[in-house]
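Here is how the chains run, residue by residue.
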Amino acid sequence: MFSRSNPTHLDYIHYHQWGLRSSFPSKYNEKVAERFNNPTLKSFQETIKELGHENRTIDLFKIDCEGCEWTTYEDWIDFDIRQLQIEVHGLSPKGVGMFERFQASNFALFSKENNPHSSELYELSFVKLAPEFWLSGDTTTMKENEWVDSFIHSLIHSLLNVW
């Protein structure tokens, strides 16, 4: 599962031999443990601590964790991340909650791409905006839940739209 080694000519790239798990009770954690014969798994918070990144801003957080995005986002969504790139695996009802949390945490979708290897994979890019951004324009006249519903509807529609 974790067989990649550090490239000898690139001293600024580091691979770590562990997977990402949710710090919340999750069937995903159990499935990974069973499928990969109990690999080393760490939560986002454990990873941040071990790497010495506590109390730091992450300018770009890229996550491609083969499905763990649906169960781990609560661990990293409120961390000081400026830009988020995430590969999502399919769309499911649990995705609504994740996208609601993105909006509530001031993340705005600015790019989406279909993965050329699978019609079930999407590369999404978000940028964190100042909370004041969401209060400008016509959104101030909408109730908060109507805005979130509109955001999620637009996002899911754009994900399903084949270009």
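Just above, that's the structure.
What counts, and at which threshold
Residues numbered from 1 in each chain as written. Predicted model: local features only at pLDDT ≥ 70, side-chain atom pairs only at ≥ 80, totals over all residues. Heavy atoms only, no water. Helix = DSSP H or I, 4+ residues; strand = E, 2+ residues; numbered from the N terminus. Contact = heavy atoms within 4.5 Å. Areas by Shrake-Rupley, 256 points an atom, 1.4 Å probe, with all protein chains shown as cover. Salt bridge = Lys/Arg side-chain N within 4 Å of Asp/Glu carboxyl O. Phe/Tyr/Trp six-rings, centres within 6.5 Å; stacked < 30°, edge-to-face > 60°. Buried < 20%, exposed > 50% of the residue type's maximum accessible area, 1.4 Å probe, protein only. Pairing = 2+ DSSP bridges. Axes fitted to C-alpha atoms, helices over the stretch in contact; angles between N-to-C directions. Core = buried A, V, L, I, M, F, W, Y, C linked by side-chain atoms within 4.5 Å.

## Some remarks on the overall build of the protein
Helix and strand content of the protein: five helices and six strands. Starting at the N terminus and ending at the C terminus, the protein contains elements arranged as β-α-β-α-β-α-β-α-β-β-α. The contacts of the protein with a sequence gap of at least 6 include a subset with a gap of at least 24, amounting to 54%. With the model as given, the accessible surface of the protein reaches about 10,500 Å², and the carbon-plus-sulfur share is 52%.

## Quick notes on the pattern of salt bridges
What the rule picks out here adds up to six salt bridges. Note that arginine 21 is salt-bridged to glutamate 46, the shortest N-O span being 3.1 Å. With arginine 21 in the loop between strand S1 (19-20) and helix H1 (27-35) and glutamate 46 in helix H2 (residues 44-51), this residue pair connects regions lying 25 residues apart in the sequence. The structure contains a network of salt bridges with shared partners spanning Glu74, Asp78 and Arg101.

## A closer look at the packing of aromatic side chains
All chains considered together, the criterion is met by eight aromatic pairs. On the basis of an interplanar angle of 55 degrees and a centroid distance of 6.1 Å, the ring pair of phenylalanine 102 and phenylalanine 107 is categorised as tilted. Of the two residues, phenylalanine 102 and phenylalanine 107, both sit in the buried class.

## Focus: the sheet that holds strand S3 (residues 58-63)
In spatial order, the strands read S3-S4-S6-S5; together these four strands make up an open sheet with mixed pairing. With partners counted over all chains shown, the strands left at the sheet margins are S3 and strand S5 (107-114), one partner each. Neighbour-to-neighbour, the strand axes of this sheet turn through a mean angle of 15 degrees, independent of strand direction. Where helix H3 (residues 69-76) meets the sheet, it contacts S3 and strand S4 (81-89), and its direction lies at approximately 165 degrees from that of S4.

## Considering unusual backbone geometry
A positive phi is found at asparagine 55, a non-glycine position, where the angle reads about 60 degrees. Summarising the element assignment, asparagine 55 is placed in the loop between H2 and S3. For asparagine 55, a relative accessible area of 84% puts it in the exposed group. One non-glycine residue, asparagine 106, lies in the positive phi region at around 70 degrees. Within the element layout of this structure, asparagine 106 appears in the loop between helix H4 (93-104) and S5. For asparagine 106, a relative accessible area of 16% puts it in the buried group.

## What about the environment of histidine 16?
Inspection of the secondary structure puts histidine 16 in the segment before S1. On the accessibility criterion, histidine 16 (36% relative accessible area) is partly exposed. Spatially, the C-alpha atoms of histidine 16 and threonine 47 are 9.7 Å apart, while their sequence positions differ by 31 residues.

## Some points on the nonpolar core
Membership of the largest hydrophobic core comes to 27 residues, with the highest contact counts inside it found for Ile63, Trp76, Ile86 and Phe102. In this structure, phenylalanine 102 is in contact with Trp76, Ile77, Leu84, Ile86, Phe107 and Phe126, ignoring residues within four places of it in sequence.

## Examining the pairing of S5
Examined bridge by bridge, S5 and strand S6 (residues 121-128) share seven bridges and lie antiparallel to one another. Bridge pairing in S6 places alanine 108 opposite valine 127.

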